[in-house]
Amino acid sequence: MSVFDEFKKFISRGNVLQLAVGVVIGAAFGKITTSLTESVLMPFIGWLFGAVDFSNWFIRLGSIPQGYSGSTANYAELKEAGVAMIGYGDLLTQMVNFLILAFALFLLIKGVNRVLDAIEEDKKAMDSSSDSDKVPTDPQLDVLRDIRKELRGLREAGGA
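Here is what the cut-offs are and how they apply
- Residues numbered from 1 in each chain as written.
- Predicted model: local features only at pLDDT ≥ 70, side-chain atom pairs only at ≥ 80, totals over all residues.
- Heavy atoms only, no water.
- Core = buried A, V, L, I, M, F, W, Y, C linked by side-chain atoms within 4.5 Å.
- Buried < 20%, exposed > 50% of the residue type's maximum accessible area, 1.4 Å probe, protein only.
- Contact = heavy atoms within 4.5 Å.
- Patch = residues over 30% accessible without salt bridge, like charges linked within 9 Å, V, L, I, M, F, W, Y side chains within 5 Å.
- Areas by Shrake-Rupley, 256 points an atom, 1.4 Å probe, with all protein chains shown as cover.
- Salt bridge = Lys/Arg side-chain N within 4 Å of Asp/Glu carboxyl O.
- Helix = DSSP H or I, 4+ residues; strand = E, 2+ residues; numbered from the N terminus.
- Phe/Tyr/Trp six-rings, centres within 6.5 Å; stacked < 30°, edge-to-face > 60°.
- Lys, Arg positive; Asp, Glu negative; His and termini not counted.
- Charge placed at Lys NZ, Arg CZ, Asp CG, Glu CD.

Visitor: A description of the nonpolar core should follow, citing residues and the corresponding values.
Guide: Listed in full, the 5 residues of the largest apolar core are F58, Y75, L78, V83 and M85. Once residues lying within four places of it in the same chain are set aside, the contact partners of F58 are T72, A73, N74, Y75, L78, M85, I86, G87 and Y88.

Visitor: Can you break down a nonpolar patch on the surface residue by residue, with the values?
Guide: A grouping of L141, V143, L144, I147, L151 and L154 is seen on the molecular surface, where their side chains present a nonpolar patch of about 570 Å² in accessible area. Mapped onto the elements of the fold, L144 is located in helix α5 (residues 139–159).

Visitor: Please set out the packing of aromatic side chains residue by residue, giving values where relevant.
Guide: Throughout the structure, instances matching the rule amount to 4 aromatic pairs. Between F44 and W47, the ring centres sit 5.8 Å apart and the planes meet at 35°, which makes this aromatic pair tilted. Of this pair, F44 and W47 are both found in helix α2 (residues 14–49), 3 residues apart, which corresponds to roughly one turn of the helix.

Visitor: Explain the environment of S63 to me, and be specific about the residues and the numbers.
Guide: Structurally, S63 is set in the loop between β1 (59–60) and α3 (75–80). Residues S63 and L78, spaced 15 residues apart in sequence, show a C-alpha to C-alpha distance of 10.0 Å.

Visitor: Which residues make up a positive patch on the surface, and what values do they have?
Guide: Together, R148, K149, R152 and R155 line one region of the surface with positive charge. Assignment of secondary structure puts R152 in helix α5.

Visitor: Residues and numbers for the side chain of T33, please.
Guide: Residue position: T33 is located in helix α2. In this structure T33 touches N97, I100 and L101, once residues within four positions along its chain are discounted.

Take a look at the structure:
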């Protein structure tokens, strides 16, 4: 088997494709979270604490280069000019962004676990998963259950 065939087999597995879809959705969700943080939450938090823009919270470590004509309070301009700084406002924004994303994922996982628990309870309550549309069907397990049921019936009929 060639490396290409092995790769094709690997990439066609369901879990790899699901992971790829998850990464793409996660990237899109990350952009939504970043927008929510930067456009809605951080301006509100900034207004609440009296500073409108957290991105300009920094500690300047180095000197401003000769000929710099921009604002000495603008983090982005100073960074572009090569001034050494600690941008703790950006760190604060990223931490809020992380907390929002982590909480959203927590709620998502909690919801999925609740649904999976309900499906497991439904599975336990029925003999065959193909009897209900509420429970995912596993045809192989249903066939094995039918075989087991018939073998029990033959054993009971033979022993009687």
